[in-house]
Protein chains: 2
Amino acid sequence: MKIELAENYGFCFGVKRAIKIAEENENASTYGPLIHNSKEINRLSKDFKVGLTENYKTFKVGDTAIVRTHGIVKDELADLHKDGINVIDATCPYVTKPQEITQEMSEAGYDVIIFGDETHPEIKGVKSYATNGARVVTSVHELKSMKFKDSIALIAQTTRKVEDYMAIANYLIPRYKEVRVFNTICNATFENQDAVRKIAQKSDVMLIIGGKNSSNTKELFNISSDDCKDSYHIEDENDIDYSWFNEKKACGISAGASTPDWIIQNVIHSIEKIPYKL
Amino acid sequence: MKIELAENYGFCFGVKRAIKIAEENENASTYGPLIHNSKEINRLSKDFKVGLTENYKTFKVGDTAIVRTHGIVKDELADLHKDGINVIDATCPYVTKPQEITQEMSEAGYDVIIFGDETHPEIKGVKSYATNGARVVTSVHELKSMKFKDSIALIAQTTRKVEDYMAIANYLIPRYKEVRVFNTICNATFENQDAVRKIAQKSDVMLIIGGKNSSNTKELFNISSDDCKDSYHIEDENDIDYSWFNEKKACGISAGASTPDWIIQNVIHSIEKIPYKL
């Protein structure tokens, strides 16, 4: 089996930065999973005693709360500060940016539209900065029943496909006087998506490694599936079904921005052991 | 011969307004042709003694200068005021808007890109409002060799095709942090273009009536040609070649925003006289 890694994959700047922050803050707790990868969260818990809480109200005075890469809802952050919690911010700077843009645009009177998943923590956070509210959409279809003011600010979840974002922009621009389009899709997303597109075209089977609730991993999987029908989204080597490799010669691999290298290496070692059957 | 007019065609709001202003100012002179239609300019000259000068420096104290629908270069307007000329502004309000946007965006530090024809008076005027300069482009191809700042303001000539404008926006948005897209293509342009698209699809021959240097008429002709290969751009009934109608059943007609109704009526009367040959 020929195994090839995408040119760009795996841990991005924001994730590396957050893990470093967590490792430097033993005994702290993250509010929500630091990144969308349960295996890495377990490692931080085991090796660095970094806890995890899903309810920020359980933090007590003197506790250290780490804000996850995806950010935090504005009022919750204010509550933590008010309650005397020591807050360490591991929000990815590429997520802080759309939060700031959202607040600025909302205060300037723009109708704010966020392209992304309303239930995703990043978008819950970003939306909370819209002083005058914002609408979150995932497709042009949803826009068709909505009315907006003449001036619109358009902001994207950092991990979305640029083609889908452009479809939204293309719907809005001819219909409204001003559409202020912020390209908040992060560079790592662009690069990983470009790389997966290239490698999927020349692979017989594709493995996309990452948390099942990781937005950017899901997008990589969607892109991969477009060019290689035998694409699989796995969390680690335990998800591999060896029958996928029957009569396959070339296996391409990519991984989401929150997938640690050690998981990717485990996957590669597992496939290397597959006997070559044609 | 079945003759059908497009649902929307001819004189737009800005042209009607400018002609009214000219008719109310006998003995004034326009700086450059008031609209891109020489026949209508001749009528204003003959019936209302409205003159025409191509050099604004020939105006003398006490003269009345009418600014054409396409606007005027900022410094030239300032000179006219300084020289004690009585200035009557017939700039189309839909052209004043992109002038204002250009100035505001330029002063706010945006890299200003204007989609349009650099040699067209409207664009000469709009560009002159870019305090810190602006680049004028007609295609994505030209953009490829250009570098811009992270924040771009994109402005369109009022009479351009929205599809071509979107191509420019689609190139820029994924490549720059912020693209502020102003939809400055005027509603009359949208409506006339939509209407010509519809009628061209069901016509055997199409006549697009308007000045040969009229930007919006040229766009109507381009759109018409996409759907009806026998499309002709004429200035008036004298340009008609009767052989165009041999073996044709349905003739569609549209006209540019600066084409007066009396010219359209003359064209219709000329075709009505054509003997029906199949």
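These lines cover the structure that appears in this document, whether it is placed above or below. These numbers were taken from a predicted model, which means no experiment stands behind them.

What counts as what
- Residues numbered from 1 in each chain as written.
- Chains lettered and ligands numbered in written order.
- Predicted model: local features only at pLDDT ≥ 70, side-chain atom pairs only at ≥ 80, totals over all residues.
- Heavy atoms only, no water.
- Contact = heavy atoms within 4.5 Å.
- Buried area = accessible area lost by both parts, 1.4 Å probe.
- Salt bridge = Lys/Arg side-chain N within 4 Å of Asp/Glu carboxyl O.
- Core = buried A, V, L, I, M, F, W, Y, C linked by side-chain atoms within 4.5 Å.
- Buried < 20%, exposed > 50% of the residue type's maximum accessible area, 1.4 Å probe, protein only.
- 1 Å grid on protein atoms, 1.4 Å probe; cavity = no way out; pocket = protein on both sides within 12 Å on 5 of 7 lines; lining within 4 Å.
- Points joined across faces, edges and corners; volume = space filled by probe spheres on them.
- Helix = DSSP H or I, 4+ residues; strand = E, 2+ residues; numbered from the N terminus.
- Pairing = 2+ DSSP bridges.
- Axes fitted to C-alpha atoms, helices over the stretch in contact; angles between N-to-C directions.
- Left-handed = near helix turned anticlockwise from the far one by under 90°.
- Nonpolar A, V, L, I, M, F, W, Y, C, P; charged D, E, K, R; others polar.

### Quick notes on the interface of chain A and chain B
Contact with chain A, which involves 17 residues of that partner, is made by 17 residues of chain B. The contact between chain A and chain B buries some 1,500 Å² in all, and 51% of this surface belongs to carbon and sulfur atoms. If you sort the residues of chain A by the area they bury against chain B, Ile173(A), Lys177(A) and Asn183(A) come out on top, with a joint share of 33%. In this structure, Glu178(B) engages Arg180(A) in a salt bridge whose closest nitrogen and oxygen atoms are separated by 2.6 Å.

### Digging into the nonpolar core
If you look at the biggest cluster of nonpolar residues, it comprises 45 residues, and the most contacted ones within it are Leu143(A), Leu154(A), Leu172(A), Leu143(B), Leu154(B) and Leu172(B). With near-sequence residues (within four places) excluded, Leu143(B) lies in contact with Ile113(B), Val137(B), Phe148(B), Ile168(B), Tyr171(B) and Leu172(B).

### Quick look at empty space enclosed by the protein
Residue and element names in this part refer to chain A. In total, this model carries 4 cavities of 30 Å³ or more according to the counting rule given. Volume-wise, the largest cavity comes out at about 310 Å³. Cys12, Thr158, Thr159, Asn216 and Ala257 are, among the 25 residues lining the largest cavity, the residues nearest its centre. Listing elements by their share of the lining of the largest cavity, those giving two or more residues are helix 1 (13–23), helix 4 (93–107), helix 8 (187–201) and helix 9 (215–227).

### Re the sheet that holds strand 12 (residues 250–255) of chain A
All names here are of chain A. If you trace the 4 strands from one edge of the open sheet to the other, you get 1-12-10-11, paired in parallel fashion. Where the open sheet ends on each side, the last strands, each with one partner, are strand 1 (2–5) and strand 11 (231–234). Between one strand axis and the next, the sheet turns by 20° as a mean value, whatever way the strands run. With 4 bridges connecting them, strand 10 (residues 205–209) and strand 11 associate as parallel partners. Considered in strand 11, the bridge of Met206 is made with Ser231. Taken strand by strand, helix 10 (residues 261–272) contacts strand 1, strand 10, strand 11 and strand 12, and its axis lies near 165° from that of strand 12.

### Topic: the sheet that holds strand 7 (residues 134–137) of chain B
Read across the open sheet, the 8 strands follow the order 7(A)-6(A)-8(A)-9(A)-9(B)-8(B)-6(B)-7(B); overall the sheet is mixed. The open sheet has two edge strands, strand 7 (134–137) of chain A together with strand 7 of chain B, and neither has a second partner. Strand-to-strand, the axes of this sheet are offset by a mean angle of 20°, without reference to chain direction. Looking at chain direction, strand 8 (residues 151–156) of chain A and strand 9 (residues 178–182) of chain A are connected through 4 bridges and run parallel. Its bridge partner being in strand 9 of chain A, Ser151(A) is matched across the sheet by Glu178(A). Strands strand 6 (111–115), strand 7, strand 8 and strand 9 of chain A of the sheet are contacted by helix 7 (residues 162–172) of chain A, whose axis makes an angle of about 175° with strand 8 of chain A.

### Here we look at the pairing of strand 12 of chain A
Residue and element names in this part refer to chain A. Counting buried residues along strand 12, 6 of its 6 residues qualify, which places the element largely inside the surrounding structure. The alternating pattern of strand 12 places Ala250, Gly252 and Ser254 on one face and Cys251, Ile253 and Ala255 on the opposite face, and all of these are buried. Summarising the sheet, strand 1 and strand 12 pair through 4 bridges and their orientation is parallel. Across the sheet, the residue bridging to Ile3 is Cys251, located in strand 12. Sheet topology note: the strand 10/strand 12 ladder contains 5 bridges and is parallel. What sits directly across from Ile209, in strand 12, is Ala255.

### What to know about the packing of helix 7 of chain A against helix 7 (residues 162–172) of chain B
Describing two packed helices takes the angle between their axes plus the distance from one axis to the other. At a closest axis distance of 11 Å, the pairing of helix 7 of chain A and helix 7 of chain B adopts a crossing angle of 145°. Seen from above, helix 7 of chain A lies across helix 7 of chain B with right-handed handedness. Between helix 7 of chain A and helix 7 of chain B, the residues in contact are Met166(A), Ala169(A) and Asn170(A) and Met166(B), Ala169(B) and Asn170(B), respectively. Of the residues contributing to the contact of helix 7 of chain A with helix 7 of chain B, the split by class is 4 nonpolar, 2 polar and no charged.

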